[in-house]
Every structure is written in C-alpha cells, then in structure tokens.
Amino acid sequence: MAQHAGGSYPQAVLLDLGGVVIDIDPRACFVSWATDARVDVAAIAARWAVDDAYKAFEVGAIDFDEYLDALSRRLGITLAREQWQRGWNELLRSPFADVARLLPKLAAKTPLYAFSNTNPVHQQAWQSRFADALAPIRKVYSSWQIGLRKPAVEAYLAVADEIGIAPAQILFVDDNRDNVVGARAAGMDARHVRSEADTAAILQGLLCDG
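Residues numbered from 1 in each chain as written. Predicted model: local features only at pLDDT ≥ 70, side-chain atom pairs only at ≥ 80, totals over all residues. Heavy atoms only, no water.

Enquirer: Just to check I follow, could you spell out the packing of aromatic side chains for this structure?
Expert: Aromatic rings in a pair are described by how distant their centres are and how their planes are angled relative to each other. Counting across every chain of the model gives 15 aromatic pairs. When the ring of Phe 30 is compared with that of Trp 33, the centres are 6.3 Å apart and the planes differ by 45°; the resulting orientation is tilted. With a gap of three residues between them, Phe 30 and Trp 33 both fall in helix 1 (residues 26-37), about one helical turn apart. One exposure class covers both Phe 30 and Trp 33, and it is buried. A ring pair is formed by Phe 57 and Tyr 67, whose centres lie 5.3 Å apart and whose planes are at 10°; its orientation type is stacked. Remark: Tyr 67 occurs in helix 4 (residues 64-75) and Phe 57 occurs in helix 3 (residues 52-58); sequence separation between them is 10 residues. Take Phe 57 and Tyr 67: they sit in the same class, and that class is buried. Aromatic rings pair up to connect Phe 30, Trp 33, Trp 48, Tyr 54, Phe 57, Phe 64, Tyr 67, Trp 84 and Trp 88 into one cluster. When the ring centre of Phe 115 is taken as reference, the NZ or CZ atom of Lys 150 above it lies at 5.4 Å. (Phe/Tyr/Trp six-rings, centres within 6.5 Å; stacked < 30°, edge-to-face > 60°. Helix = DSSP H or I, 4+ residues; strand = E, 2+ residues; numbered from the N terminus. Buried < 20%, exposed > 50% of the residue type's maximum accessible area, 1.4 Å probe, protein only. Lys NZ or Arg CZ within 6 Å of the ring centre and 35° of its normal.)

Enquirer: Even after reading the chapter, I still don't get the pairing of strand 4 (residues 112-116), so can you show me in this structure?
Expert: On a regular strand, each side chain points to the face opposite its neighbour's, so the side chains alternate between the two faces of the sheet. Judged by how many residues are buried, strand 4 sits mostly within the fold: five of five residues are covered. The side-chain alternation of strand 4 yields two buried faces, one formed by Leu 112, Ala 114 and Ser 116 and the other by Tyr 113 and Phe 115.

Enquirer: When you look at the nonpolar core in this model, what are you seeing that I'm missing?
Expert: The nonpolar side chains of a soluble globular protein tend to be buried with one another. Leu 17, Val 21 and Trp 33 are the most contacted members of the largest nonpolar core, which totals 48 residues. With six residues, helix 4 is the single largest residue contributor to this core. Ignoring any residue separated from it by four or fewer positions in sequence, one finds Val 21 in contact with Leu 15, Asp 16, Pro 95, Phe 96, Val 99, Leu 103 and Leu 134. Core analysis: the second largest hydrophobic core is formed by 18 residues, Ile 165, Ile 170, Ala 183 and Met 188 among them. (Core = buried A, V, L, I, M, F, W, Y, C linked by side-chain atoms within 4.5 Å. Contact = heavy atoms within 4.5 Å.)

Enquirer: What's the story with unusual backbone geometry in this structure? I'm lost.
Expert: Only a minority of non-glycine residues have a phi that is not negative, and only a minority of peptide bonds are not trans. Cis geometry is adopted by the peptide bond preceding Pro 151, which originates at Lys 150 and carries an omega value of 10°. Its place among the elements puts Pro 151 in the loop between helix 9 (143-146) and helix 10 (153-163).

Enquirer: Just checking my understanding: could you explain the pattern of salt bridges for this structure?
Expert: It is possible for side chains bearing opposite charge to pair when their charged atoms get close. The tally for this structure, following the rule as stated, stands at eight salt bridges. Here Arg 74 ties to Asp 51 by a salt bridge, and the two come within 2.7 Å at their closest N and O atoms. One end of the pair, Arg 74, is in helix 4; the other, Asp 51, is in the loop between helix 2 (41-47) and helix 3, and 23 residues separate them in sequence. Judged by its relative accessible area of 34%, Arg 74 is partly exposed. The residue Glu 90 makes a salt bridge to Arg 93 at a minimum N-O spacing of 3.0 Å. Here Glu 90 falls in the partly exposed class, since its relative accessible area comes to 31%. When its relative accessible area of 35% is taken as the criterion, Arg 93 is described as partly exposed. Linked by salt bridges that have partners in common, Asp 16, Lys 150 and Asp 174 make up one network. (Salt bridge = Lys/Arg side-chain N within 4 Å of Asp/Glu carboxyl O.)

Enquirer: So what exactly am I meant to see when it comes to the environment of Asp 198 here?
Expert: Following the sequence through the fold, Asp 198 ends up in helix 12 (residues 196-208). Classification of Asp 198 by relative accessible area gives partly exposed; the value is 27%. Residues Asp 198 and Val 20, spaced 178 residues apart in sequence, show a C-alpha to C-alpha distance of 9.0 Å. Here the side chain of Asp 198 touches Arg 194 through a polar contact of 2.8 Å, landing on its backbone nitrogen. (Polar contact = N/O pair within 3.5 Å; in protein donor to acceptor, adjacent residues only side chain to side chain.)

This is how it looks when you write it as structure tokens:
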C-alpha cells in the first residue's frame, strides 16, 4: 500500500495536519461558543458552515476580526474576542500518538512536509502547543500564507514548486476526499485516510519500503 503509484519510492511525503497528524473536534468549538453565549449547541452546529468568509480567512484575504464579524452574523450570537478565540482553538485536540511516533523515523528516511488549509490563529496555536510532534516536518505550507486552499489544483502545484519536487514524486495524505481528488488532478500520488490507523499504516509501510 505504501509504494508510490509509479512503483518507485516517493521523494517527499506531504501530509495534511488536521485529521491526519492532529486530532480535531469541530464540535468542541461549538460547545465552547454555545456555553459562552448561553444558547443550544445544536443551533450553533446547524448554522456554521465553510462559507465565503471562512475561505477568505483561510487564504489571508481577511483577518480574524473580519471573519468574526461574519461568523457572529451567521451564528446569531455575540461574544468577546477572547471567547471567540478560545472556542476557535478548541478545535485542536492533540497529535495522534501513533502518527507522531512514526514521524521522526520516517523523517530520517524521507523529507516530510505538510499542507494545511488553516489560518493564523490556529497556526499560532498548533505551532506552540504541538512543536515537538511537528518538529520532524521540514515545513508546513499554510493556505493563508500561500493564498491558495485545497482542493485547488494550483495550490498543490504551488506547494510542489516550493518543495522543488515534481508532483508525481510526492505522496500526499489527507482525510478529505475532495482534497485527495484535487491532489491527484495536480499529478500527486494522493491517499485518502479515514482514521489515525489508516495514516499510521501508510507511514509504517513507507518505513518498510524503499
């Protein structure tokens, strides 16, 4: 399963972060906001969406305060900025233990990179909280910094160009099927994972191959 699509060992491994390296829980955000706003969490969950404002925030087109204005209107609640941010960062739980254990071993064999649809607030949080777990990753390419989001083909091409390796020689792993489809369209060998065990199996396979 781990062997590269072309039959050769990949020259680089590109990982998504949330859902692949880091456990995330969107409901934890909703619970935090609902508790602070004293509303039913179901109402928050039903109204939240990956809307235009969210996508704009993830490509650096608007800042956090501008996104919060849009989010407040969408959810129909008003919170202090500190409350919004606390809830926002509740999304990030902890690194997956089995994946984090394998990263240093694989990094000794293959260059590791990450590509995440993310924003500066979340990035500040995971960089500080999970520094040790993420240390084997040479560089994280963040959507808000490069101005492109997955699953746009040009996003993967831009990352491959920055890495300096042809897309066909990059193994990409993501838990979002649309992102995997986009990466394949860009020429990458992309794998869809549904669990920590799926990701760990791919990484372990790479350690055994080559």
